[in-house]
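Residue-level listing of the chains:
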Amino acid sequence: MSKKRLATVWLGGCSGCHMSFLDLDERLLDLAELADVCYTPIADVKEFPHNVDITLVEGAVANEDHLRDAKKIRERSGILVAFGDCAITGNVTALRNLFNVEDVLSRAYRDSMIVGGVPEGDGIVPKLLEKVLRLQDVVAVDYFLPGCPPPADVIFQFVVDLIGGKTPAVTGRKFGS
Amino acid sequence: MSRRIVIEPVTRLEGHAKITVQLDDAGQVRSARFHVTEFRGFEKICEGRPFHEMPGLMSRICGICPVSHVLASSKAGDMLLGVEIPPAATKQRRLVNYAQVLQSHALSFFHLSSPDLLLGMDSPPEKRNIFGLMEQDREFLRSGIRLRQFGQQIIELVGGKRIHPGWSGPGGVHERFTTRQRDEIVKWIPESIESIGIALDRLKSVLDSFREEVAHMGNFPSLFLATVNEEGGLEYYDGVIRITDGSGNTIAEALDPHRFYTYLGEASESYSFMKFPFYQPFGYPQGHYRVGPLARLNVAKFAGTYHADREMREFKQRGEGAVCQSFHFHLARLIEMLHCTERIEELMEDPELFEEAIQAKASLNRREGVGSCEAPRGTLFHRYWVDKDGLMTKADLLIATAQNNQAMNLSVEQTARRFLDAEPDQGMLNRLEAAIRCYDPCLSCSTHALGRMPLVVDVTGPAGEPVRQIRRET
Ligand code: SF4
């Protein structure tokens, strides 16, 4: 049997969920035996591959790049997991929804001890969405793995279950949905 | 016909970013830029919330160095209360800060950069990562995983949780340190010292094969800024700011970190969400400076621990007055890991760490507070304003990585000039990324956001029109 293909993706989050994934510590070596980690921010594959079996998505959908990436990732993944509270509820990333996006930007780039102005992007920096969205607002999500971040032990069991074709226990909670 | 090369996403970095290289008609590099594409706006979203919530909220700026934000935030809170916290609380915060520098540097060196250093800049991209390293150098990688684990376990033992620990806040910390915790920690120390020593030997032994990279991937004079203690030694939690230049001359000394805004300013450029801090007396952009491991070893006169001092003396020999090659951030990082482990060992013997008093109780006494510390990537400053009820009215955050922004831009430009040929190949693309990776940028922090870094090499014409785009696809 060929190994399951696993990917991890990072949208609008703090990377804490990914760090918790790395907190598998030496179990990372075991995981690499069980699955082929075909795409992750800690490796050099630039384009999200086709035919991924399981994808963990950290973070909320906060800008146009995230929106584009989320859709592409959904199309190319068998099982899509909202990985951590930012992906599930918007969490801290979505706190800016209390304000107008212009006010948030101008607070950061105009009001303080700044020379210059709000970055316009030069066509390179993606435009922020008016409101930060949950992953499930944008694409269909198969499983929810809650926590800020989810603890490493929970991640390990969850991923091992998915690789083994089992339904992971934690999904009963459908946190934040 | 001039071209623009865009690298997207920049990978094995902690954040979302792109690199672009502009070529002129003759195919020569006109400029190269590093763009940060993420933004979360913590300066705004904190408004109206109680300052006691800030360590927990600001921690979410970054999952790699949450402890730095917890500490800067707790210290700003201490100042709002107007208290001096008990010695045991200070020592606990110091301990957890050392643990964090250790785990974060282990991540940067072993998980992210050692594939370049040990497998080579030109090795196949699909293997040039920790999984490739697992096949080739399993035990070396395991030692790095365990070093990170050591740091993370201290954070968990003391802070209750590895990522976003909530144990420290305005006035002190919430739990006493116990001998059981000490016993857990001391077990790890001999292995850690040994593993870091082996990594140092490995890195030094391959440096010769990176001569060109050392010389051209970010080698320029600049100012360096870091916290030092009263004697001018390495310091990560409480001290004064010292600034030196590319020849090792002192530019400013004994600056008060609580008044950073009187001598540091920030600029913004339209092409990046990351700001460009500068030393005000020199203006922008001349006043740009570097922070982090390389800066700390340049600015501090000594380490103050046995093994780290030996390495630091040797390190300082690599420059004249200052080590200006950003490639040596890697070496500096390993030396700091050694130092942090030694300091952790010392703290385990310190009776004050175990004392009962851990909280200074007070209500709000000031309307403005500043907290600063050395984060893994450099000096971090939080400045808060609150109303009479202690609700936040404003926050300014000066983030470690952002202070290397100008240097990172200079580094990609220098690297592009040296390594970019008519037909950019994978090795060149990787070197552009590796130039950035030296700084271990935490872009989550620097834009108060974090994500994956894109790497696209975009080729544009004289008027900026796109000619060709090269994406790293494997
Ligand atoms: S859920 Fe928490 S740990 Fe994960 S990205 Fe969001 S803030 Fe960070």
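Everything numeric here is computed off the predicted structure, so don't read it as measured data.

J.: Would you explain the overall build of chain B in this entry?
T.: Each helix and strand counted, chain B has 15 helices and 16 strands in total. Each of the 474 residues in chain B was classed as buried or not, and the buried ones make up 68%. Pairs at least 24 apart in sequence give 71% of the contacts found in chain B among residues at least 6 apart. By element, 46% of the accessible surface of chain B is carried by carbon and sulfur atoms, the whole surface being about 14900 Å².

J.: What is the right way to look at the confidence of the model for chain A in this model?
T.: Low-pLDDT stretches of the model should not have their predicted coordinates read in fine detail. All names here are of chain A. Mean pLDDT over chain A stands at 85; residues scoring 70 or higher make up 84%. Mean pLDDT across the elements of chain A bottoms out in strand β6 (residues 114-115) (50) and peaks in strand β5 (residues 77-83) (97). Contacts for the low-pLDDT stretch residues 171-177, under 50 throughout, to residues beyond four places or in other chains number 17 contacts.

J.: What is the right way to look at the domain arrangement of chain B in this model?
T.: Many authors give the size of an interface as the accessible area that is lost as the parts come together. Residues and elements named next belong to chain B. Split into domains, chain B comes out as domain 1 (3-38 + 411-473) and domain 2 (84-219 + 325-358). Summing both partners gives a buried area of about 1800 Å² for domain 1 against domain 2, and 49% of it is carried by carbon and sulfur. Counting across the domain 1 and domain 2 interface gives four salt bridges. With a shortest N-O distance of 2.5 Å, Arg 437 and Asp 116 are connected by a salt bridge. Our count for the domain 1 to domain 2 interface comes out at eight residue pairs in polar contact (both at pLDDT 80 or more). Every element with two or more residues in the side of domain 1 that touches domain 2 is listed here: α13 (405-419) and α14 (426-437). If one sorts the elements of the side of domain 1 that touches domain 2 by residue count, α14 sits on top with seven residues. Taken together, the residues of the side of domain 1 that touches domain 2 break down into five nonpolar, six polar and seven charged.

J.: What is the right way to read the pattern of salt bridges from this model?
T.: All names here are of chain B. In the structure shown here, the tally under the stated rule is 45 salt bridges over all chains. Glu 53 serves as the salt-bridge partner of Arg 49, at 3.4 Å between the closest nitrogen and oxygen. Residue Arg 49 is classed as partly exposed on the basis of its relative accessible area of 22%. You can call Glu 53 partly exposed: its relative accessible area is 36%.

J.: Help me understand the site of the ligand, please; the structure alone is not making it clear to me.
T.: Near the ligand there are 13 residues, and of these Cys 14, Cys 17, Glu 58, Cys 86 and Cys 148 of chain A occur at the shortest range. The local environment of the ligand is shared, drawing residues from chains A and B. A per-class count over the shell around the ligand returns five nonpolar, five polar and three charged.

J.: What am I meant to see in the pairing of strand β9 (residues 264-267) of chain B here?
T.: Remark: a regular strand shows side chains that alternate across the two faces of the sheet. Residue and element names in this part refer to chain B. Burial of the side chains of β9 extends over both faces: Leu 264 and Glu 266 are buried on one face and Gly 265 and Ala 267 on the other. Sheet topology places β9 next to strand β10 (residues 276-279); four bridges connect them, and they run antiparallel. For Glu 266, the partnering residue across the bridge sits in β10 and is Pro 277.

J.: What exactly am I supposed to notice about helix α3 (residues 64-76) of chain A here?
T.: Owing to its 3.6 residues per turn, the α-helix aligns residues three or four sequence positions apart on the same side. Residues and elements named next belong to chain A. The first and last C-alpha atoms of α3 sit 19 Å apart over 13 residues, in line with the 18 Å expected at 1.5 Å per residue. For α3, the complete set of buried residues consists of Asp 65, His 66, Asp 69, Ala 70, Ile 73, Arg 74 and Arg 76. Viewed end-on, α3 has its buried residues packed into an arc of 165°, placing them on one side of the element.

J.: What is the right way to look at the sheet that holds strand β12 (residues 368-375) of chain B in this model?
T.: Within a beta sheet, neighbouring strands are joined by backbone hydrogen bonds and run either parallel or antiparallel to one another. All names here are of chain B. The antiparallel open sheet is built from three strands, whose spatial order is β12-β13-β14. Since the sheet does not close on itself, it has two edges, and those belong to β12 and β14 (392-398), each with one partner. This sheet shows a mean twist of 15° between the axes of neighbouring strands, independent of strand direction. As defined by bridge partners, strand β13 (residues 378-386) adjoins β14 across six bridges and the pair is classed as antiparallel. Directly across from Arg 383, in β14, lies its bridge partner Asp 396.

J.: Which parts of the structure should I look at to understand the sheet that holds strand β11 (residues 289-290) of chain B?
T.: All names here are of chain B. Strand order in this open sheet of four strands is β8-β7-β6-β11, and the pairing throughout is mixed. The strands lining the two open edges of the sheet, one partner per strand, are β8 (250-255) and β11. Pairing of strand β6 (residues 223-228) with β11 involves two bridges; the strand directions are parallel. For Leu 223, the partnering residue across the bridge sits in β11 and is Tyr 289.

J.: Explain the packing of helix α4 (residues 87-119) of chain B against helix α6 (residues 138-159) of chain B here, please?
T.: Residues and elements named next belong to chain B. Close contact between α4 and α6 brings their axes to 8 Å; oriented N to C, the two are set at 160°. In terms of orientation, α4 lies roughly antiparallel with respect to α6. Crossing geometry of α4 relative to α6 is assigned as left-handed. Split by residue class, the contact of α4 with α6 holds 17 nonpolar, nine polar and one charged.

J.: What exactly am I supposed to notice about the packing of α13 of chain B against α14 of chain B here?
T.: What describes two packed helices is the angle between their axes and the distance between those same axes. All names here are of chain B. Two elements in contact, α13 and α14, have axes whose closest approach is 8 Å; the angle formed by their N-to-C orientations is 155°. Our classification of the angle between α13 and α14 gives roughly antiparallel. In this structure, the crossing between α13 and α14 has a hand that is right-handed. Here α13 contributes Met 408, Ser 411, Val 412, Thr 415, Ala 416 and Phe 419 to the contact with α14, which in turn contributes Met 428, Arg 431, Leu 432, Ala 435 and Ile 436.

J.: Can you help me understand the nonpolar core in this one?
T.: Here is a general trend for soluble globular proteins: nonpolar side chains tend to be buried in one another's company. Counting residues in hydrophobic clusters, the biggest one holds 160 residues, and the most contacted among them are Phe 21 of chain A together with Val 21, Met 58, Leu 95, Phe 327 and Ile 344 of chain B. Take this core: its biggest share by element is 15 residues, from α4 of chain B. For this core, the domains that each give at least three residues are domain 1 (3-38 + 411-473) and domain 2 (84-219 + 325-358) of chain B. Discounting chain neighbours no more than four positions away, the residues touching Met 58 of chain B are Phe 42, Cys 46, His 69, Ser 73, His 382, Tyr 384, Ala 395 and Leu 397 of chain B.

J.: In this structure, what is going on with the environment of Ile 155 of chain B? I would like to understand it.
T.: Residue and element names in this part refer to chain B. Tracing the backbone shows Ile 155 in helix α6. By relative accessible area, which is 1% here, Ile 155 ends up buried. Distance in space between the C-alpha atoms of Ile 155 and Val 67 is 8.4 Å, their sequence separation being 88 residues. Residues contacting Ile 155, with those up to four places away along its chain left out, are Val 67, Val 96, Ala 99, Gln 100, Gln 103, Gly 160, Lys 161, Arg 162 and Pro 165.

J.: Sorry, what's going on with the environment of Gly 390 of chain B here?
T.: Residue and element names in this part refer to chain B. By the element assignment, Gly 390 lies in the loop between β13 and β14. A residue is classified by how much of its surface remains accessible, and Gly 390, at 3% relative accessible area, is buried. Between the alpha carbons of Gly 390 and Gly 319 there is a distance of 48 Å; along the sequence they are 71 residues apart. If near-sequence neighbours (up to four positions away) are discounted, Gly 390 is found in contact with Arg 49, Pro 50, Phe 51 and Leu 364.

What counts, and at which threshold
- Per chain, the residues get numbers from 1 upward, laid out in the order the sequence is written.
- For naming, the first written chain is A and the first written ligand is 1, with later ones following in the order written.
- Residues qualify for local features only when their pLDDT is at least 70, as the model is predicted, and side-chain atom pairs are given and counted only at 80 or more; totals for whole chains, interfaces and linings, by contrast, use all residues.
- Excluding hydrogens and water, the side-chain figures rest on all heavy atoms present in the structure.
- Helix and strand assignments come from DSSP, with helices taken as H or I runs of at least 4 residues and strands as E runs of at least 2, each series counted from the N terminus.
- Exposure is judged per residue with a 1.4 Å probe applied to protein chains only, and the accessible area is read against the type maximum: over 50% gives exposed, under 20% gives buried, and values in between give partly exposed.
- Contacts: residue pairs with any heavy atoms within 4.5 Å of one another.
- Each accessible area value is a Shrake-Rupley result obtained with a 1.4 Å probe; residue values ignore everything except the protein chains displayed when judging cover.
- Note: pLDDT gives the predictor's confidence per residue, expressed from 0 to 100.
- Those domain boundaries reflect an automatic or database domain assignment.
- For any pair of parts, buried area is found by adding up, for both, the accessible area (1.4 Å probe) each one loses once the two are put together.
- What makes a salt bridge here is a side-chain nitrogen of Lys or Arg within 4 Å of a carboxyl oxygen of Asp or Glu, nothing more.
- A 3.5 Å cut-off defines polar contacts: any pair of N or O atoms within that distance qualifies, except that in protein one atom must be a possible hydrogen donor and the other a possible acceptor, and neighbouring residues in sequence count only when both atoms are side-chain atoms.
- Gly is placed with the polar residues, together with every amino acid not listed as nonpolar (Ala, Val, Leu, Ile, Met, Phe, Trp, Tyr, Cys and Pro) or charged (Asp, Glu, Lys and Arg).
- A cutoff of 4 Å decides nearness: a residue is near a molecule or strand if any of its heavy atoms lies inside that distance of it.
- Two strands make a pair as long as DSSP finds a minimum of two bridges between them.
- To estimate the expected span of a helix, subtract one from its residue number and multiply by 1.5 Å.
- The arc under discussion is defined with respect to the helix axis, by the directions toward the C-beta atoms.
- In this description, a line fitted to the C-alpha atoms serves as the axis of each element, helices being fitted only across the stretch in contact, and the angle between N-to-C directions of two axes falls anywhere from 0 to 180 degrees.
- Any angle from 65 to 115 degrees is called roughly perpendicular, while one under 35 is roughly parallel, one over 145 is roughly antiparallel, and all others are oblique.
- By the definition used in this description, the sense in which the near helix is turned from the far one sets the handedness, with an anticlockwise turn below a right angle giving left-handed and a clockwise turn giving right-handed.
- Grouping buried Ala, Val, Leu, Ile, Met, Phe, Trp, Tyr and Cys residues that are joined through side-chain atoms within 4.5 Å yields what is termed a nonpolar core.

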